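Structure assessment
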Amino acid sequence: EKKTLVVLGSGWGATSLLKTMDTADYNVMVVSPRNFFLFTPLLPSVAVGTLNTRSIIQSIRYITRHKARNVSVIEAEASDVDPVNKTITFEDTSDIKGAVSSTTIPYDYLVYAVGAETQTFNIPGVKEHACFMKELNDAERFQNEFLDCLETAAFPGQDSAEVDRLLHMVVVGGGPTGVELSGELHDYLEDDLKSWYPELAGRIRITLVEALPSVLSTFSKQLIDYTESTFKESKIDVLTKTMVKEVKEKSVVLQMPDKSIQEMPCGLVVWAAGNRGRKLSQDLMARFPDVQTNRRGITVDQFLRMKGAEDSIFAIGDCTATAYAPTAQVASQQGAYLARQLHQMAKRDQLTVKLEKLESLAETVLDEGERKEVLQEAEVSKKQLAKIKLRPFEYSHQGSLAYIGSEKAIADLPFMNGNIATGGVATYLFWRSAYLSTLFSLRNRTLVATDWLKVKLFGRDVARE
């Protein structure tokens, strides 16, 4: 009898696990509110129309269909995890519902990979007026609202100050997402909008706001300086040590480095400023108040087992609080590691069952020769069991990449015992090839490469749905 393994989520961690895993070891079920994997690093490219939305998503069923054993994929949102009774409750949250839209299933092992939601720091107006950049619909919403701002600014008789407000885009968050979106926006402006909106293009402003002393704080100092100088050339305003106090419908309230408060009129605010745990994660952590005390996320041990539920729950990706940055690279390595661990655990469980059967058989066998054979086989199983040792997770950093616009990218890559920091057009070509090779299927690689070619030949589309 195979044990039941439930995988919650369809992000980097869960998808990497499913891709690497030998599904013959378990009855595998995937539960996620979206039935696809989203290649999040290219989301800013979708936001400005460089890439088509379908090019960076891949059906989870595509990943699971080639597996040795059938994997059940359920499009549903988990509402409760009971670690005591080892059950998970989920419900259908789609528009069309059947007679049954909520159910509870048991599990033996749970891989908790639900990711995180956008951190708003409880700043007034963020949820109501800002556009996030985390999911596919966020990128589609941004594209639509950005073009709406342009068309509204082009409306006859629009006041000059109002035109400047509508054409002012504020990006909050100086991490890779915020920087790449600013760079992509600049390319959109230079390559396409100057042709389609010549009377407005010169008035479009992009402002990047970051609370820390510099953008891309995880990159080396020379790359940060290179990014900031490139942005200066591109006329992207970078405001560091600047905090957002409130987001209004037509403006954003900022606390400047000198602690003065300034209200900046704008047409659109994009919020790309950090992660926080989902309500489901908070509810699960609340069941173990003694050991789950980190507010950043779920505390795990060196084997990625959730503290308090080490026998049955593994947690990977952005929902956890580890020493590693919440990146796709970390989640992907955790997923692949866990797939190998689960295979070892399945082997261990099978050998344990076999050993128990052989030992009980040895007690019942009367023939001495037969009994000796059984005991010898049991001894072999014991030796095999002793060889199975679970290794702790070790993260291997493969480097950091970011696109900064104007066909330039930056890369911080580990080399020997140090780092190689590089930036420019050659790095941009490396960035493109690295992302193409990281995409999960030949289909995605072909679609993304074709989209890049189409934009080069025909430009981006400015039609609005």
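Residues numbered from 1 in each chain as written. Predicted model: local features only at pLDDT ≥ 70, side-chain atom pairs only at ≥ 80, totals over all residues. Heavy atoms only, no water.

Regarding unusual backbone geometry
Cut-off, in case you're wondering: Only DSSP runs of H or I reaching four residues or more are called helices, and only runs of E reaching two or more are called strands; each is numbered from the N terminus. Exposure categories follow from relative accessible area, calculated using a 1.4 Å probe and restricted to protein chains: below 20% of the type maximum is buried, above 50% is exposed, and the middle band is partly exposed.
Backbone geometry places Lys259, a non-glycine residue, at a positive phi of 75 degrees. Secondary-structure assignment places Lys259 in the loop between β16 (251-255) and β17 (261-265). Residue class for Lys259 comes out exposed when judged on its relative accessible area of 61%. Unlike most non-glycine residues, Ser406 shows phi in positive territory, near 55 degrees. Here Ser406 is to be found in the loop between β21 (400-405) and β22 (408-415). The class for Ser406 is partly exposed, based on a relative accessible area of 30%.

Concerning the sheet that holds strand β5 (residues 72-75)
Note the threshold: Being paired, for any two strands, means DSSP has found at least two bridges between them. Interaxial angle, 0 to 180 degrees, is taken between N-to-C directions of lines fitted to C-alpha atoms, where a helix line uses only the stretch in contact. Any pair of residues with heavy atoms lying within 4.5 Å of one another is described as a contacting pair.
Across the sheet, five strands lie side by side as β5-β2-β1-β9-β20; this open sheet has parallel pairing. The sheet terminates laterally at β5 and β20 (313-315), the two strands that pair on one side only. Within this sheet the neighbouring strands show an average axis-to-axis angle of 15 degrees, counted without direction. As judged from the four bridges shared by strand β2 (residues 26-32) and β5, these two strands associate in the parallel manner. Bridging from a neighbouring strand, Ser32 pairs with Glu75 of β5. On the sheet, helix α1 (residues 12-20) packs against β1 (3-8), β2 and β9 (109-112) and is oriented at approximately 140 degrees with respect to β1. On the sheet, helix α11 (residues 328-364) packs against β1, β2, β9 and β20 and is oriented at approximately 175 degrees with respect to β9.

Observations regarding the side chain of Thr320
Note the threshold: Under this definition, polar contacts are N or O atom pairs within 3.5 Å; protein pairs additionally need one hydrogen-donor-capable and one acceptor-capable atom, and for neighbouring residues in sequence, both atoms have to be side-chain atoms.
Looking at the secondary structure, you find Thr320 in the loop between β20 and α11. Taking the relative accessible area as the measure of exposure, Thr320 reaches 8% and is therefore buried. In terms of polar contacts, Thr320 uses its side chain to reach the backbone carbonyl oxygen of Gly317, at 2.7 Å. Among residues more than four places away in sequence, those in contact with Thr320 are Gly297, Ile298, Val300 and Ala315.

Observations regarding the sheet that holds β16
Ordered in space as β15-β16-β17, the three strands form an open sheet in which the pairing is antiparallel. In the strand order of this sheet, the two ends are held by β15 (243-247) and β17, each with one partner. Sheet twist, expressed as the average angle between the axes of neighbouring strands with direction ignored, equals 30 degrees.

A word on the packing of helix α13 (residues 425-438) against helix α14 (residues 442-458)
What counts, and what does not: The cut-offs work like this: below 35 degrees is roughly parallel, past 145 is roughly antiparallel, 65 to 115 is roughly perpendicular, and the gaps in between are oblique. By the definition used in this description, the sense in which the near helix is turned from the far one sets the handedness, with an anticlockwise turn below a right angle giving left-handed and a clockwise turn giving right-handed.
Two numbers describe how α13 lies on α14: the axes approach to 9 Å, and their chain directions differ by 150 degrees. Taken together, the axes of α13 and α14 are roughly antiparallel relative to one another. Between α13 and α14 the crossing geometry is right-handed. On the side of α13, the interface is formed by Trp431, Arg432, Leu436 and Ser437, while α14 contributes Arg445, Val448, Ala449 and Trp452.

With respect to the nonpolar core
The following threshold applies: As used in this record, nonpolar core signifies buried Ala, Val, Leu, Ile, Met, Phe, Trp, Tyr and Cys residues forming a set joined through side-chain atoms within 4.5 Å.
Counting 118 residues, the largest nonpolar core has Leu8, Ile56, Val81, Tyr112, Phe142 and Leu342 as its most contacted members. Among the elements that take part in this core, helix α5 (residues 136-153) stands out by supplying eight residues, more than any other. Dropping the residues within four chain positions of it, Ile56 is found in contact with Phe37, Leu38, Phe39, Leu42, Leu43, Val46, Leu51, Leu136, Asn444 and Val448. Within the second largest apolar cluster, 18 residues are counted, among which are Ile123, Val244, Val247 and Ala273.

Some details on the packing of aromatic side chains
Going by this rule: Centres within 6.5 Å are what make two rings of Phe, Tyr or Trp a pair, Trp counting through its six-membered ring; a difference in plane orientation under 30 degrees is then read as stacked, over 60 as edge-to-face, and the rest as tilted.
In this structure the tally under the stated criterion is 17 aromatic pairs. Aromatic side chains Tyr26 and Tyr109 sit 6.0 Å apart centroid to centroid with 80 degrees between the ring planes, which places their arrangement in the edge-to-face category. Of this pair, Tyr26 sits in strand β2 while Tyr109 sits in strand β9; the two residues are 83 residues apart in sequence, bridging distant segments of the chain. For Tyr26, a relative accessible area of 2% puts it in the buried group. Summarising the aromatic geometry, the rings of Tyr428 and Trp431 are spaced 6.1 Å apart at their centres and angled 20 degrees between planes, so their arrangement reads as stacked. Here Tyr428 and its partner Trp431 are both found in helix α13, three residues apart, which amounts to about one turn of the helix.

Scope: geometric values only; no functional claims are made or implied.
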